[in-house]
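Tertiary structure, described
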Amino acid sequence: MESADIVIVGSGHGGAQAAIALRQQGYEGSILMIGRDPAPPYERPPLSKEYLAGEKPFERILIRPEGFWADKAVTLRPGTAVLKIDPQAKELTLTGGATVAYGTLIWSAGGDPRRLSCPGADLAGIHTVRDKADVDRMLAELEAGAKRVVVIGGGYIGLEAAAVLRKRGCDVVLLESQDRVLGRVAGEDLSRFYEDEHRRQGVDVRLEAMVGALQGDGSRVTGVTLESGETIACDMVVVGIGIVPAIGPLISAGAAGANGVEVDEMCRTSLPDIYAIGDCAAHGNPYADGAVIRLESVQNAHDMAATAAKAICGDPQPYKALPWFWSNQYDLRLQTVGLSAEHDTTVLRGDPAERSFSVVYLKEGRVIALDCVNKTKDYAQGRKLIEARAVIDPDLLLDPDVQLKEML
Ligand code: FAD
């Protein structure tokens, strides 16, 4: 039976970074990275941005050049899924039935896009945006003439896709079931700003729009019917309604977890010698006052990979990285830092009409997060306020002429 000292499951951001971090730590054992995706490790953020826009070819979104992995003695097994884990025998069963023995396992399988469950959801022309292959299918349809697109979901991925599709000349309707876009991740100021911006750019943004069914001509999607009864005709549908953590084999093997596999501050699961990192890992986050959460960001995948690698190499250091994220839409660069979910107060710094402003989130007077639109200085200086757990007078924060660093 094949074996490796460390087997990494998933060749996305977390998996690739784990292999890189292990070698950086001087780890000399064998590393095997098994990934369901047939492609070598690549960056996911450009999939809804430059790659969809046709501005970056695939070679430019590779996490490392192709030869890197062999140079670092990391064996890649693309196009292969891990179906089963036997934690007692320390064995994995792969698609095709082969088995692999591991010394230590790093589970970095991310998540699978949540799919619609309404009638017509399996018609051709309905796309999720998670893997390169998803976007390649969309690009082929756009090149074949698809022009009228309905985007379902007003989260970051739906909004970014809508922005690129407008830039490509498509007619775009964006459907959001809540009363504002970005409702799960940002405060109302930011939501209203992005709704206005998308409308200004020609996107038909519909709020509180519930999808009832998808219509088809027998094979392809031709329209989206809302619960109100209205049908919006379209050539293509893009669905961005979140992910379901890819943890089935781990949970079947007995690992603790439900929405994500539970990990401790070293990214260890409840099973011996099995770590979990990235989108699939539910952890107690110090910037959420210890609440157990999952984060879906490159930062989190990278920092958890480093945490696991250090723990495996005998230099354990608890995970306590400050969360950050970005989103590009049109000419707007949003940078967010901290976690805003528990805020009780927001302060708007600057005028959204000038397309450069920040929203500062406070909890009990303490700065806990910032959303900065075309405002890199606030982002960089705001990080320090969050790290310092600074209590700042909201009236002072309000004045965009006073730099955040002066408030520390
Ligand atoms: P992934 O990168 O998803 O990697 C998981 C891998 O595991 C996948 O390749 C999957 O095929 C594989 N896999 C799953 N199950 C198995 C199995 N059983 N066996 C073997 N392999 C398996 N984050 C940001 O910070 N900024 C952004 O602007 C941003 N934009 C994004 C845009 C898009 C379109 C998407 C999809 C994500 C974006 N993200 C962004 C989120 C970010 O990409 C993820 O948080 C990050 O990829 C998480 O890394 P991961 O390793 O946990 O999962």
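Up top you'll find the structure we're talking about.
Residues numbered from 1 in each chain as written. Predicted model: local features only at pLDDT ≥ 70, side-chain atom pairs only at ≥ 80, totals over all residues. Heavy atoms only, no water.

A few points about the overall build of the protein chain
Helices and strands together make up the secondary structure of the protein chain, namely 10 helices and 26 strands. On C-alpha atoms alone, the protein chain measures out to a radius of gyration of 22 Å, which is about the 22 Å that the 2.2 N^0.38 rule sets for 408 residues. Principal-axis analysis of the C-alpha atoms places the extent of the protein chain at approximately 60 × 60 × 35 Å. For the protein chain, with 408 residues in total, the buried portion stands at 53%. A sequence separation of at least 24 residues applies to 59% of the contacts in the protein chain between residues at least 6 apart. Accessible surface, the protein chain: about 17,200 Å² in total, of which carbon and sulfur atoms supply 48%. Taken as two groups, the 43 positive and 57 negative side-chain charges of the protein chain have centres that lie 3 Å from each other. (Helix = DSSP H or I, 4+ residues; strand = E, 2+ residues; numbered from the N terminus. Rg over C-alpha atoms; globule rule 2.2 N^0.38 Å. Buried < 20%, exposed > 50% of the residue type's maximum accessible area, 1.4 Å probe, protein only. Contact = heavy atoms within 4.5 Å. Areas by Shrake-Rupley, 256 points an atom, 1.4 Å probe, with all protein chains shown as cover. Lys, Arg positive; Asp, Glu negative; His and termini not counted. Charge placed at Lys NZ, Arg CZ, Asp CG, Glu CD.)

Observations concerning the pattern of salt bridges
Taken as a whole and assessed by the stated rule, the structure comprises 24 salt bridges. For the salt bridge of aspartate 204 with arginine 206, the shortest nitrogen-to-oxygen distance reads 3.2 Å. Relative accessible area serves as the criterion here: at 33%, aspartate 204 is assigned to the partly exposed category. Aspartate 264 is the partner of arginine 268 in a salt bridge, and the nearest nitrogen-oxygen pair spans 2.8 Å. (Salt bridge = Lys/Arg side-chain N within 4 Å of Asp/Glu carboxyl O.)

Regarding the sheet that holds strand S10 (residues 171-175)
The 5 strands are arranged S8-S15-S9-S10-S11 in an open sheet whose pairing can be described as parallel. Across the chains shown, the open sheet's two edge strands, defined by having one partner strand only, are strand S8 (126-128) and strand S11 (204-206). Strand-to-strand twist of the sheet, defined as the mean angle between neighbouring strand axes without regard to direction, takes the value 20°. Judged from the 3 bridges that link them, S10 and S11 form a sheet pairing that is parallel. Along S11, the bridge assignment pairs valine 173 with aspartate 204. Across the sheet, helix H4 (residues 132-143) touches S8 and strand S15 (236-239), and the angle it forms with S8 is around 145°. Helix H5 (residues 156-167) rests against strand S9 (148-152), S10 and S15 of the sheet, and its axis sits at about 165° to S10. (Pairing = 2+ DSSP bridges. Axes fitted to C-alpha atoms, helices over the stretch in contact; angles between N-to-C directions.)

As far as function goes, none of this settles anything; it's purely spatial.
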